[in-house]
Structure formats: C-alpha cells, structure tokens
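What follows is each chain in one-letter form.
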Amino acid sequence: MPVRAEKIPPAVLADWWAPFAAHLAMERRCSAYTIRNYRQAFEDFYRWLAAAGLWQRGLDALGPRDVRDFVIEAQRRFDRRTLHNHVSGLRTFCKYWRRRGRLRRDPVAGVPLPKLERRLPKFLTEEQMRLLLAGPQRLL
C-alpha cells in the first residue's frame with residue numbers, strides 16, 4: 001500500500017513525537033541528524049499506519065505481523081541500511097513509551113529485518129600509499 005506524504009496531525013506530534021524528541025535531545029544527547037532521522041522514521045510509520053487504518057486501533061493493538069508488513073512495504077522505498085536505521089529509531093521510540101507506561105508491549109521487538117550486504121574494504125593503491133607516506137616529508 002503506497003504511503004502518501006500527508007501532513008502529520010499536530011496533536012499526534014505533540015502527544016507522541018515531542019516528548020520523545022525532547023528525551024533524545026536532553027537525556028540521550030543525540031545529534032540533530034539522529035533526531036531528524038528518527039522523526040522521518042516515525043512520520044513514515046505513522047503515515048503507513050494511518051493509510052492502513054491501524055493508527056486508530058493504537059500502537060498496543062499492533063502485532064508483529066503488522067510491523068512485518070510495514071517492513072516488507074518499506075523495502076520497496078528504502079535501501080536495507082536506511083530500513084535498518086528506521087526500524088532502530090522505531091524500536092527506540094517504542095522502548096521509550098514502554099518505560100513510561102504508555103505501551104504495554106513493544107510491537108517492533110523481534111521483527112525480522114533483511115540482512116545487510118557485506119561490503120569489502122577499500123584499499124589504497126601503491127601510488128596512493130606512496131603519496132600518503134610522502135605527505136609528512138613535504139612539510140619539512
């Protein structure tokens with residue numbers, strides 16, 4: 001089901017996002033980029049839930065199958081690394097609200113993700129290594 005880029009209701013942002021964002025900034029001291037990425041993950045998840053009619057049921061009503069369906073659909077739009085980062089943000093979000101008693105269980109816990117591709121390390125060529133090692137000598 002495609003996710004439309006509709007605006008998130010201010011009440012949802014105030015009730016669910018703002019306290020979590022304050023926690024990330026003040027208590028966990030996350031960077032502005034991390035907070036931005038977590039917000040994008042939250043907004044994407046919210047839009048998907050709203051489009052599927054699941055947001056109205058509440059996050060506690062979500063099952064692993066619902067979240068797995070979200071992950072499967074998100075694979076069409078994001079690469080694997082981005083998807084892992086999004087789900088990581090959602091796991092942090094749900095853990096935060098579980099600790100505060102707003103969620104009885106974590107709907108994202110235990111949801112399988114696609115494996116990340118293993119990248120081979122990149123090596124310097126002989127010429128690049130010569131230039132690198134000669135660099136400090138040029139300053140003398």
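Up top you'll find the structure we're talking about.
Visitor: Is there a simple way to think about the side chain of Asp44 in this case?
Guide: Checked against the element boundaries, Asp44 lands in helix H2 (residues 32–52). A relative accessible area of 7% places Asp44 in the buried class. A distance of 2.7 Å separates a polar atom in the side chain of Asp44 from a polar atom in the side chain of Arg77.

Visitor: How should I be thinking about unusual backbone geometry in this particular structure?
Guide: Generally, phi is negative for residues other than glycine and the peptide bonds are trans, each holding for most cases. Positive phi, close to 55 degrees, is recorded for Arg29, a residue that is not glycine. Along the chain, Arg29 turns up in the loop between helix H1 (10–27) and H2.

Visitor: Would you take a moment to explain the packing of aromatic side chains for this structure?
Guide: The way to describe two aromatic rings as a pair is by their centre distance and the angle between their planes. In total, this model carries 14 aromatic pairs according to the counting rule given. With a centroid separation of 6.5 Å and an interplanar angle of 75 degrees, the aromatic rings of Phe93 and Trp97 are classed as edge-to-face. Of this pair, Phe93 and Trp97 both sit in helix H4 (residues 80–99), four residues apart, which is roughly one turn of that helix. For the pair formed by Phe93 and Trp97, the shared burial category is buried.

Visitor: Just checking my understanding: could you explain the nonpolar core for this structure?
Guide: Within soluble globular proteins, side chains that are nonpolar generally end up buried alongside one another. Core analysis: the biggest nonpolar cluster contains 36 residues, and Trp16, Trp17, Phe20, Phe45, Leu49, Leu59 and Phe93 have the highest contact counts within it. Within the residue set of this core, elements represented by two or more residues are H1, H2, helix H3 (64–74) and H4. If near-sequence neighbours (up to four positions away) are discounted, Leu59 is found in contact with Trp16, Phe45, Leu49, Phe93, Leu103 and Pro107.

About the cut-offs
- Residues numbered from 1 in each chain as written.
- Predicted model: local features only at pLDDT ≥ 70, side-chain atom pairs only at ≥ 80, totals over all residues.
- Heavy atoms only, no water.
- Helix = DSSP H or I, 4+ residues; strand = E, 2+ residues; numbered from the N terminus.
- Buried < 20%, exposed > 50% of the residue type's maximum accessible area, 1.4 Å probe, protein only.
- Polar contact = N/O pair within 3.5 Å; in protein donor to acceptor, adjacent residues only side chain to side chain.
- Phe/Tyr/Trp six-rings, centres within 6.5 Å; stacked < 30°, edge-to-face > 60°.
- Core = buried A, V, L, I, M, F, W, Y, C linked by side-chain atoms within 4.5 Å.
- Contact = heavy atoms within 4.5 Å.

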